[in-house]
Structures are given as C-alpha cells and as structure tokens.
Amino acid sequence: YLEVWFAHTAGLKVVMPSNPADAYGLMRSCIDDPDPCIFVEVMPHLWTPGEAPVKGSRVEIGKAKVVSEGKDVTIIAYGRLVSFIQGQLLEKLAKDGISVELIDLRSIQPYDEAAILKSVEKTGAAIVAHEAVKKFGIGAEIASNIHEKLHKRLRAPVKRIGAKYAAVPFCNTLETASLPSLAEIEAAVRDLAKKS
C-alpha cells in the first residue's frame, strides 16, 4: 500500500511499473526528474518475465499505456494486477465476446487523466483495480474523477476493486485472501458488459 501513502504527499511523484521494460524506463525518468520521485516495487513481481528494455529508454512520468484496446469495458490498473489481467483474463473474456480495454497507469501521481477519460468515454464502463485497500485509495480518486467528468456517458457506476480494509497478513494464504482476485475482476467485467 506504499503507493497510496506517498501519493497523498503533495510534491512527490509516485510510479509503479508492471513489467521489466517499464521498470527500467520509469527508473531512468525518476533519476532525471528534478522533483522527488518514489519508485514502488512489489517483491513477488521482481521475478515476472517480460520484454527487456531498450538501453537508455525512458517512460514518461504521468503517461499511462493502453495495454489492450477494447470497446466494452475499461479496466484501469497498475503494478502486478496488469500482468495478471493481461496474462490470465483478457483472452478468457474475449472468447466470450467481451472486449476489454486495459490501461496500465504506470504513474500513480500524477496519473494520466486524459488517457483514462478517453478510454472510458469510448467504452462507457470502467473498473479501477489495485492491490491497495479499496477504501480511501487511488481507485476512489479515479472513480470520482470519471463520475464528475463523464457521468452522462456511463452505462453504470464505476466499479472499484481493491484489497480488504485490514493490515496485510503475514501468512501467505491469508495474504492472498486479502488481495483482490481475478475472479472478482472477471465478475465485475461481466456485470458491466451485460449493461451495454
């Protein structure tokens, strides 16, 4: 949940990569940035395979990436969840005719409001998913912003998916149970897709 704490601090920039290439590019951008930047890593994610970065490349802070284009529902996520959704959920939903647009925030503060609004305006439905607790978090900020700017274009309220409102357990089984699951995200996508 470190990214949420730091995002509440005025003047800090907060980034969280979902793959090795972005980790490299974001780190280079953080080093070059004149403002203080917090680069958040999740230990289990350090062994996630992905494309090697191009030497010297940078990822602009504050710019999201459209990982997968779609027309039915937008999922806004960051960090490990992007890899899980991309690798285990998108294809399954596509087989059932559900087209999902997946946005990787990459940068938590500032976040790419323009990219999010453009995507949600197209799909008319949004889910914000993160491993931080659901209450008082980044998902609430993004959902509120979407509702303020696009309320007439939404088919249904924005759904938020996050961890349980509790301390992170040290037991592996309980920790997994406290975090959001792909099943929760899938159910939310299917529910919103029905409302198209």
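Here's a quick rundown of the structure. Owing to the predicted nature of the structure, the values given are computational and were not obtained by experimental measurement.

### Digging into the side chain of Asn145
And step 1. Its place among the elements puts Asn145 in helix 6 (residues 138–150).
And step 2. At 3.3 Å, the side chain of Asn145 and the side chain of Glu113 are in polar contact.
And step 3. Look past the residues within four positions of Asn145 in its chain and what remains in contact with it is Tyr111 and Glu113.

### Considerations on the sheet that holds strand 2 (residues 37–39)
And step 1. On the basis of which strands lie adjacent, the open sheet formed by three strands has the order 2-1-6 and mixed pairing. The two strands at the open ends of the sheet, each matched to only one other strand, are strand 2 and strand 6 (107–109). Each strand of the sheet is rotated relative to its neighbour by a mean of 25 degrees, with strand direction disregarded.
And step 2. Looking at chain direction, strand 1 (residues 13–15) and strand 2 are connected through three bridges and run parallel. Along strand 2, the bridge assignment pairs Val14 with Ile38.
And step 3. Its contacts with the sheet put helix 2 (residues 20–32) on strand 1 and strand 2, and the angle it makes with strand 2 is roughly 160 degrees.

### A look at the pattern of salt bridges
And step 1. According to the stated counting rule, one finds 14 salt bridges in the structure shown.
And step 2. With a closest N to O distance of 3.0 Å, Lys159 and Asp191 form a salt bridge. Taken together, the positions of Lys159 in strand 8 (residues 159–163) and Asp191 in helix 8 (residues 182–194) put the pair 32 residues apart, joining distant regions of the chain.
And step 3. On the basis of relative accessibility, which here comes to 25%, the residue Asp191 falls in the partly exposed class.
And step 4. Because the salt bridges share partners, they merge into one network encompassing Lys92, Asp96, Glu186 and Arg190.

### Let's talk about empty space enclosed by the protein
And step 1. This model, assessed by the stated rule, comprises one cavity of 30 Å³ or more.
And step 2. What lines the largest cavity is Met16, Tyr78, Gly79, Arg80, Leu81, His130 and Glu131.
And step 3. If you list the elements that add at least two residues to the lining of the largest cavity, you get helix 3 (80–88) and strand 7 (126–133).
And step 4. Taken together, the residues that form the lining of the largest cavity break down as three nonpolar, two polar and two charged.

Reading the values: rules and limits
Every residue gets a number counted from 1 within its own chain, in the order that chain's sequence is written. Reporting in this predicted model follows two pLDDT cut-offs: at least 70 for local features of residues, and 80 or more for side-chain atom pairs to be given and counted; totals over whole chains, interfaces and linings ignore these cut-offs and use all residues. Side-chain numbers come from the whole structure's heavy atoms, not from hydrogens or water. Numbered from the N terminus, helices here are DSSP runs of H or I no shorter than four residues, and strands are runs of E no shorter than two. N or O atoms closer than or at 3.5 Å make up a polar contact, with two conditions inside protein: a donor-capable atom paired with an acceptor-capable one, and, for residues adjacent in sequence, both atoms drawn from side chains. The contact criterion used throughout is that any non-hydrogen atoms of two residues lie within 4.5 Å. Pairing between strands requires that DSSP locate at least two bridges from one strand to the other. Only C-alpha atoms enter the line fits that serve as axes; for helices the fit covers just the stretch in contact. Angles between N-to-C directions range over 0 to 180 degrees. Between Lys or Arg on one side and Asp or Glu on the other, a salt bridge is scored when a side-chain nitrogen of the former is within 4 Å of a carboxyl oxygen of the latter. Using a 1.4 Å probe on the protein chains alone, a residue whose accessible area is under 20% of its type maximum counts as buried, one over 50% counts as exposed, and one in between counts as partly exposed. Using only the protein atoms, space was sampled on a 1 Å grid; points where a 1.4 Å probe fits but cannot get out form cavities, open sets with protein on both sides within 12 Å along at least five of seven lines form pockets, and lining residues are those with an atom within 4 Å of a point. Grid points are joined across faces, edges and corners, and a volume is the space filled by probe spheres set on the points. Residues are sorted three ways: Asp, Glu, Lys and Arg are charged, Ala, Val, Leu, Ile, Met, Phe, Trp, Tyr, Cys and Pro are nonpolar, and all the rest, Gly among them, are polar.

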